[in-house]
Amino acid sequence: MPVLGADMDEGTVVEWLVKPGDQVRKGDIIAVIDTSKSAIEVESFHTGIVQRLVVGPGETVPVGTVLAVIGEPAVETVPPAVEAVPPAVETAPQPAEPHPADASSPLIRHLARDLGVDLTQVTGTGRAGTITRADVERAAARPPVPTPSGRKRRETAPHATPRRAAPRAARQRVSPRARRVAGQLGVEVSGLTGSGPGGAVREADVRKAAALPQTARQQPPPAPEQDRAAAVTRAADRTQAMRQAIGRLMARSKREVPHYYLSNTVDMTAAMSWLHQRNRELAVSERLVPAALLLKATAAAARQVPDLNGYWEDDHFVPGTAVHLGVPISLRGGGLLTPAIHDAADLAPSELMARLRDLATRARSGRLRRAELTEATITVTNLGDQGVEAVFGVIFPPQVALVGIGKVTEKPVAVNGLIGARPTVITTLSADHRASDGYTGARFLAALSDLLQRPEEL
């Protein structure tokens, strides 16, 4: 059971996406884990063969518990040819054709099953003949080919005309995998009763519903009042559990981390002028907002002052290998998650904003991955869109700094002896005094301000 947040003590296995005997590669999504905050897709840390699933779906276990056993990949030997090759003729050894199970990841095999594609008839175009998602989707788009037995090799999948799920009166817990399969099979999850922990809808529930007659799925019977009340209670319990987890983490931070706070008012005249000029050249859907420059400048400043970019572990500072910018995202049902934008200092402002929108969408639909919740090296909280002028936040352990960004407002500013209205923003820093001091913090805020005076370089 991996750590999916500094405030996580235990987790619940919602569903497995692999089974014993499956071959997995490092980075493949193999399970969905439910924490007090969200359902998280967990990837494999190793490449090999799944030998045993130790913890079953629905079981809650502490962090560090063994969930599954993955062994070394089996080495297959090529049987000798039936016909002997004449001694005078030398032939180059031919590599064995990979079995579809060895040439595709668990997610690809699941996708092929969902789309009704026979992997034995698919030619992989990936590295070393690996079957990719595009290969499966191309095969699904081809018309079915009759086999010698007269049966079609691939039947028309019911996902061809998916229907949107009906609006729900209360938030329903649906695993990310189940939601995707439901969209592919045209199943409305709002009418399903989940068999997972806390009533969560799992992939098996969706497939069971897909086997019912179409008319039965189009008009699900209305849920009894007690079922609706139970759903509301589960949603409230989940929100309460999330607030308790956040409270424990923030209390620990204030209790154990010696915070110090700094603030600086930044002149945004150059940044806003550049932004208006840049947006005139872009389509409406691609235009940038001030937050794009502020986030980019924060990431660049963290790279310039690396003493604030990293973790406090085992009584010493561990610098981050890159700038992974943590961004708090509020959830519709209450609470928040803080996923990371990886390598933020290397992204253009437009790319950074695209990553942020993607994270927000997946955070609110329960599709975040483990690395996105555990690898932030510095957090930036921007409450300017809520009208807040200054933010003095609480550090997310084990990080050592949190940057606050307020609202861009016009204020009277004296420049060269003259007073005029100029756009400004208040930037703040909450830092761990064990890892740095006020001088280091001041350097960071000064670097942030300087970068915003040269927006064309960001």
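A short tour of the structure in this document, coming up. Counting restarts for each chain, with residues numbered from 1 along the sequence as it is written. Totals for whole chains, interfaces and linings use every residue, but because this is a predicted model, local features are given only for residues with pLDDT of at least 70 and side-chain atom pairs only at 80 or more, for both listing and counting. Think of the side-chain values as coming from all heavy atoms in the structure, minus any hydrogens and water.

## Here we look at the environment of P328
Selection rule: Runs of E in the DSSP output that reach at least two residues are strands. Runs of H or I that reach at least four are helices, and both are numbered from the N terminus.
With respect to the helices and strands, P328 occurs in the loop between strand 11 (325-326) and strand 12 (329-330). Considering only alpha carbons, one finds P328 and P339, 11 residues apart in sequence, at a separation of 6.9 Å.

## As for the sheet that holds strand 2 (residues 23-24)
Pairing between the strands of a sheet is mediated by backbone hydrogen bonds and can be parallel or antiparallel. Where we set the bar: Each pair of strands is called paired provided DSSP finds at least two bridges between the two strands.
Within the open sheet, the 3 strands sit side by side as 2-5-7. Their pairing is antiparallel. At either end of the open sheet lies a strand with only one pairing partner, and these are strand 2 and strand 7 (68-71). The pairing of strand 5 (residues 48-53) with strand 7 spans 4 bridges and is classified as antiparallel. Residue pairing across strands places I49 opposite G71, the latter belonging to strand 7.

## Concerning the packing of helix 8 (residues 290-304) against helix 11 (residues 438-452)
Rules: Axis definition: a line fitted to C-alpha atoms, limited for helices to the stretch in contact. Angles are taken between N-to-C directions and run from 0 to 180 degrees. The scheme is simple: roughly parallel for angles under 35 degrees, roughly antiparallel for over 145, roughly perpendicular for 65 to 115, oblique for anything else. Handedness of a crossing follows from how the near helix is turned relative to the far one, being left-handed for an anticlockwise turn of less than a right angle and right-handed for a clockwise one. In what follows, residue pairs with any heavy atoms lying within 4.5 Å of each other are defined as contacts.
Two elements in contact, helix 8 and helix 11, have axes separated by 9 Å at closest approach and are oriented at 135 degrees. Compared by their axis directions, helix 8 and helix 11 come out oblique. Handedness of the crossing formed by helix 8 with helix 11: right-handed. Contact with helix 8, carried on its side by L293, L294, A297, T298, A300, A301, A302 and Q304, involves R443, F444, A447, L448, L451 and L452 of helix 11 and no other residues of that element.

## Examining the nonpolar core
Heads up, the condition is: Only buried residues count toward a nonpolar core, which is a set of Ala, Val, Leu, Ile, Met, Phe, Trp, Tyr and Cys residues joined through side-chain atoms within 4.5 Å. Relative accessibility decides the category of a residue: with a 1.4 Å probe and only protein chains considered, values under 20% of the type maximum give buried, values over 50% give exposed, and everything between is partly exposed.
Counting residues in hydrophobic clusters, the biggest one holds 72 residues, and the most contacted among them are L325 and F444. It is helix 8 that provides the largest number of residues to this core, a total of 9 residues. Beyond its immediate stretch of four places on either side in the chain, F444 contacts T298, A301, A302, V305, L308, I378, V403 and L429.

## Some remarks on the packing of aromatic side chains
Selection rule: Pairing of aromatic rings covers Phe, Tyr and the six-membered ring of Trp, with a centre-to-centre limit of 6.5 Å; geometry is then stacked below 30 degrees between planes, edge-to-face above 60, and tilted otherwise.
Summed over the entire model, instances satisfying the criterion amount to 1 aromatic pair. On the numbers, 6.3 Å between centres and 75 degrees between planes, the contact of Y261 with F392 is edge-to-face. Of the two residues, Y261 sits in strand 8 (residues 259-267) while F392 sits in the loop between strand 15 (378-382) and strand 16 (401-405), which places them 131 residues apart along the sequence. The exposure class assigned to F392 is partly exposed, which follows from its relative accessible area of 47%.

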